[in-house]
Amino acid sequence: MGRKVSEELRDEIVYGRDHDHARVFISSRMRTTLDAERLVTAGAVDRVSGHRAWFWERDAAVGELHSEHECVKYAKTSSGLILLVDGGLSPIVYAEYLAAREGGANRYILIRKDAELPEDVAEFIKDQQVSEVVTRNFQNADELDSLVYDALSRAIVRAMTLATIDRRERLPDGPSDD
């Protein structure tokens, strides 16, 4: 009889982080007005060196029906999450977002300009804007593509800058013997 692994270890193995790419989870209501924008967003993510989009339409296991469990686990173990908004959000979208936040992912909320947002969605976005979440409005596919590409590129530069500061802060005080 074999030993069972913890659920946390199982999830990390099954849904674990990619060591060659920063996985960016694409989240939105599916089969809605954002279907084309999901593809545009994934394409923009994939063009950023060292990044790979994860979205259901391409990356879900063949034969799997849409699964909240699968989506939440992949969102939680992703390096980033891009939430596309054009109206209401489903419970699954909220669960994906919260899982990504719990997993420490960079989060980006991109909202279609002139979208009529239900009060709960507007409040949710407002609450997220007080933390480290990037929110932007987009008007069309070209603008969305640019916003995604620029946001991820800037995140790389910022991460490198913060790593440089961290290394400098760890240097011993005084002149070096080198």
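Quick note: structure is the one above.
Each value, and the rule that gives it
Along each chain, residue indices are assigned from 1 in the same order as the chain's sequence is written. The predicted nature of this model means local features are confined to residues of pLDDT at least 70 and side-chain atom pairs, given and counted, to a pLDDT of 80 or more, with totals for whole chains, interfaces and linings taken over all residues. Side-chain numbers come from the whole structure's heavy atoms, not from hydrogens or water. Here a strand is any run of E in DSSP of at least two residues, a helix any run of H or I of at least four, and the numbering for each starts at the N terminus. The buried label goes to any residue with under 20% of its type's maximum accessible area, the exposed label to any with over 50%, and the partly exposed label to all in between, with areas taken from a 1.4 Å probe on protein chains only. In what follows, residue pairs with any heavy atoms lying within 4.5 Å of each other are defined as contacts. Here an angle of 0 to 180 degrees is reported between the N-to-C directions of two axes, which are lines fitted to C-alpha atoms, with helices fitted over the stretch in contact. Put simply, angles under 35 degrees are roughly parallel, angles over 145 are roughly antiparallel, angles from 65 to 115 are roughly perpendicular, and the rest are oblique. A pair of strands counts as paired when DSSP detects no fewer than two bridges linking them. Salt-bridge detection follows one rule: a side-chain nitrogen of Lys or Arg within 4 Å of a carboxyl oxygen of Asp or Glu. The patches reported here contain residues having more than 30% relative accessible area and no salt bridge. Joining distances are 9 Å for like charges and 5 Å for nonpolar side chains (Val, Leu, Ile, Met, Phe, Trp, Tyr). With residues, only the protein chains shown are counted as cover, and all accessible areas are computed by Shrake-Rupley using a 1.4 Å probe. Neither His nor the chain termini are counted; the positive set is Lys and Arg, and the negative set is Asp and Glu. For this purpose, a charge sits on NZ of Lys, CZ of Arg, CG of Asp or CD of Glu. Grouping buried Ala, Val, Leu, Ile, Met, Phe, Trp, Tyr and Cys residues that are joined through side-chain atoms within 4.5 Å yields what is termed a nonpolar core. What the arc describes is the spread of directions from the helix axis to the C-beta atoms.

Caption draft 1: Structural context of the overall build of the chain. In terms of helices and strands, the chain carries seven helices and five strands. In sequence order, the chain lays out its α and β elements as α-β-α-β-α-α-β-α-β-α-β-α. Buried positions account for 37% of the 178 residues belonging to the chain. Taking the contacts inside the chain whose residues are at least 6 apart along the sequence as the reference set, 73% of them involve residues at least 24 apart.

Caption draft 2: Examining the packing of helix α5 (residues 91-102) against helix α6 (residues 119-129) more closely. At their nearest, the axes of α5 and α6 sit 13 Å apart, and the two run at 10° to each other. Classed by the angle they form, the pair α5 and α6 counts as roughly parallel. Along the contact surface, α5 presents Tyr 94, Tyr 97 and Arg 101, while α6 presents Asp 120, Val 121, Phe 124 and Gln 128.

Caption draft 3: Highlighting the sheet that holds strand β3 (residues 80-85). An order of β2-β1-β3-β4-β5 is seen for the five strands of this open sheet, with the pairing classed as parallel. The open sheet terminates on both sides in strands that have one partner only, identified here as β2 (51-54) and β5 (134-138). With direction set aside, neighbouring strand axes in the sheet form an average angle of 20°. Pairing analysis gives five bridges linking strand β4 (residues 106-112) to β5, with the strands arranged parallel. Each bridged residue has a counterpart across the sheet, and for Ile 111 the counterpart in β5 is Asn 137. Contacts from helix α2 (residues 35-47) reach β1 (22-27), β2, β3, β4 and β5, with the element oriented near 160° to β2. Packing against the sheet, α5 makes contact with β1, β3 and β4, and its axis sits at approximately 150° to β3.

Caption draft 4: Representation of the pattern of salt bridges in the model. Overall, the coordinates contain eleven salt bridges when judged by the stated rule. For Arg 112, the salt bridge identified is with Glu 37, shortest N-O distance 3.0 Å. With Arg 112 in strand β4 and Glu 37 in helix α2, this pair connects stretches of sequence that are 75 residues apart. Assigned by exposure class, Arg 112 and Glu 37 land together as buried. Its salt-bridge partner being Glu 57, residue Arg 38 comes within 2.6 Å of it at the nearest N-O pair. Of this pair, Arg 38 sits in helix α2 while Glu 57 sits in helix α3 (residues 56-59), and the two are 19 residues apart along the sequence. If you follow the salt bridges from partner to partner, you end up with Asp 46, Arg 52, Arg 58 and Asp 59 in one network.

Caption draft 5: Structural context of unusual backbone geometry. Although it is not a glycine, Asp 114 sits at a positive phi angle of roughly 70°. The residue Asp 114 is located in the loop between β4 and α6 in this model. Classification of Asp 114 as exposed rests on a relative accessible area of 78%.

Caption draft 6: View of a negative patch on the surface. There is a patch of like negative charges on the surface, built from Glu 119, Asp 120, Glu 123 and Asp 127. In this structure Asp 120 comes out as partly exposed when scored by relative accessible area, which is 46%.

Caption draft 7: Structural detail: the nonpolar core. If you look at the biggest cluster of nonpolar residues, it comprises 23 residues, and the most contacted ones within it are Leu 83, Val 85, Leu 89, Ile 109 and Phe 124. Contributing elements (two or more residues each) for this core: α4 (68-76), β3, α5, β4 and α6. The element that contributes the greatest number of residues to this core is α5, accounting for four residues. Aside from chain neighbours lying at most four places away, what touches Leu 89 is Arg 29, Leu 83, Tyr 94, Val 121 and Phe 124. Of all hydrophobic cores here, the second largest spans 17 residues; its members include Leu 34, Val 45, Leu 144 and Val 148.

Caption draft 8: Up close: α6. Among all positions in α6, only Val 121, Phe 124, Ile 125 and Gln 128 are buried. Around the axis of α6, the buried residues are gathered within 95° of arc, so they sit on the same side. Facing away from the buried side of α6 by more than 90 degrees, the exposed set consists of Glu 119 and Lys 126. Those residues of α6 that are buried are in contact with β3, α5, β4 and β5.

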